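Coordinate analysis (summary)
Here is how the chains run, residue by residue.
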Amino acid sequence: MTAFTSSPPSNFTWQNILKFVIAASCGVPSAIERSLDRANIQWYFSNSSLGFRKMAIPLDDLTAIFNELGDLEKEFAQVELDSLRRKQFSSQPLYSKRESLFRRIPDFWPTVFGSGPEEIRQSFSPDDLALIASIKSFSVDRYQIQSETEGEPRSLRFTFKFGPNEFIENTTLIKEFEHRADDDGPGSLVSKPVPIKWKGKKKDLTKGLLDAAVDVYNAEEALKLKNGDKVIDVVDREALWQYEKLREKIVQLDEDDDYQPSFFCWFGFRGAVDAGKSKKTNEDGEDEGDDDDIEGMLEVEIFPAGEELATTLAEDLWPDAMDYFMSAHSEETDFDDDEHEDEEDDDEAPELVLVQEDNARPRKKPRTG
């Protein structure tokens, strides 16, 4: 049990100590600096019979070690990033050539999407399948790569090309995801909603959600232009009637047991977009802006798993498209073989039954006289 020999500082908090230990173990320098209350930590280490005191190492040295480890992790991450950039830059011409060959295979992409990763197939509603079947071409580009040594390789551009169908007038849909760096983590992907021109209200597979998401985005852009701001305050966003309309529509559909979200809501995904700080504070007078910004956007996010789906499309379905296509045809061949065997069994079964019936039927006595 930990024993303390003196009273803690007046501002002592266990949360501070815990944050320091977690940050140190993760090797996150910025987190260490933010959580490092020297009076708290020095008192804890000097009065605890456990903790880091057993290491017999000064606190300054320990902090320096973790800082260096954090910097080293950043260097590892940079090496991986540079490797990804070089690989994608060199592979892009090959992917372009591959895509031109895929276009010559009938129903290639509908087959791939239909047999692709489970995360993708689960995003399809039954009504989506007819439009998915009209996909003629699909491609993924790391569009911010400029050379082997320049450009962000984690930003993504998805291009869908459709053949004639009963749902949309668009022949091409392009959705871009921009990677935004984060001081405290790997960053995230953000995007803008992409409008789809439906062939009538009843043909809208998103039940109006995508149009409403586009309206919210356009209203925000108009407000930023009017105010001369680069970001919009979360309070101002929530005051927009378009925001409230979308929020109510999401709630309404969530309460509908028959509603199944559409894959095409993904074109309305936005992610952790830039926002001004909330003007709300808690009881202690502390700013709650970050949490409110995130929660506010989640309330009107029509495809919450948009980033995960984008990653699966880019890192799984796109590079392994041929494997998924061949897998689908392999399963189809196996099914046909099983069906053929069943048919043969069916042909033989009646004959066996007939034989059994003949043997089992009592013979009639011949007539006499």
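For the structure, check the block above.
My aim in this report is to walk through the structure given alongside it, one point at a time. (Residues numbered from 1 in each chain as written. Predicted model: local features only at pLDDT ≥ 70, side-chain atom pairs only at ≥ 80, totals over all residues. Heavy atoms only, no water.)

**Focus on the packing of aromatic side chains**
Using the following cut-off: Ring pairs are drawn from Phe, Tyr and Trp, using the six-membered ring of Trp, whenever the two centres fall within 6.5 Å, and their geometry is named by plane angle: stacked under 30 degrees, edge-to-face over 60, tilted for the rest. Placement of a positive charge over a ring is assigned whenever Lys NZ or Arg CZ falls within 6 Å of the ring centre and within 35 degrees of the normal to the ring plane.
Evaluation of the coordinates by the stated rule reveals 27 aromatic pairs. Aromatic side chains Phe 102 and Trp 109 sit 5.7 Å apart centroid to centroid with 80° between the ring planes, which places their arrangement in the edge-to-face category. One residue, Arg 98, lies across the ring of Trp 318, its end atom 4.7 Å from the ring centre. Its guanidinium or amino end placed over the ring of Phe 167, Lys 203 lies 5.8 Å from that ring's centre, counting from NZ or CZ.

**Concerning the nonpolar core**
Just so we agree on the cut-off: Only buried Ala, Val, Leu, Ile, Met, Phe, Trp, Tyr and Cys residues count toward a nonpolar core, and they belong to the same one when joined by side-chain atoms within 4.5 Å. Burial status follows relative accessibility: with a 1.4 Å probe on protein chains alone, a residue under 20% of its type maximum counts as buried, one over 50% as exposed, and anything between as partly exposed. Starting at the N terminus, helices and strands are each numbered in turn, a helix being any DSSP run of H or I of at least four residues and a strand any DSSP run of E of at least two. Residue contacts are defined here by distance: any two heavy atoms, one from each residue, within 4.5 Å place the two residues in contact.
Within the largest apolar cluster, 59 residues are counted, with the highest numbers of intra-cluster contacts made by Trp 109, Phe 113, Phe 158, Phe 160 and Trp 266. Top contributing element to this core by residue count: helix α8 (residues 209–227), with 8 residues. Every residue in contact with Phe 160, bar those within four places of it in the chain, is listed here: Phe 113, Ile 135, Ser 137, Phe 138, Thr 171, Thr 172, Leu 173, Phe 263, Trp 266 and Phe 267.

**Topic: the packing of α8 against helix α10 (residues 241–254)**
Convention followed: Helix axes are fitted to C-alpha atoms over the stretch in contact, other axes to C-alpha atoms as well, and angles between N-to-C directions run from 0 to 180 degrees. Geometric relationships in this document are graded by angle, where less than 35 degrees denotes roughly parallel, more than 145 denotes roughly antiparallel, 65 to 115 denotes roughly perpendicular, and other angles denote oblique. Two helices cross in a left-handed way if the nearer one is turned anticlockwise from the farther one by less than a right angle. They cross in a right-handed way if the turn is clockwise. When residue character is reported, Ala, Val, Leu, Ile, Met, Phe, Trp, Tyr, Cys and Pro are called nonpolar, Asp, Glu, Lys and Arg charged, and the others, Gly included, polar.
It is at 8 Å that the axes of α8 and α10 come closest, and there the two elements cross at 155°. Judged by the inter-axis angle, α8 sits roughly antiparallel to α10. The handedness of the crossing between α8 and α10 is left-handed. Listed contacts from α10 to Leu 209, Ala 212, Ala 213, Asp 215, Val 216 and Ala 219 of α8 are Gln 242, Tyr 243, Leu 246, Lys 249, Ile 250 and Leu 253. Considered class by class, the residues forming the contact of α8 with α10 number 9 nonpolar, 1 polar and 2 charged.

**A few points about unusual backbone geometry**
A positive phi is found at Asp 107, a non-glycine position, where the angle reads about 55°. Inspection of the secondary structure assignment puts Asp 107 in the loop between α4 (59–102) and α5 (108–115). In this structure, Lys 207 takes a positive phi of about 60° despite not being glycine. You can see Lys 207 is positioned in the loop between β4 (185–191) and α8.

**Things to note about the pairing of strand β1 (residues 135–141)**
Heads up, the rule is: A pair of strands counts as paired when DSSP detects no fewer than two bridges linking them.
The element β1 is extensively covered by neighbouring structure, given that 6 of its 7 residues are classed as buried. Pairing of β1 with strand β2 (residues 156–162), which is carried by 6 bridges, proceeds in the antiparallel orientation. The residue of β2 that forms the bridge with Val 140 is Phe 158.

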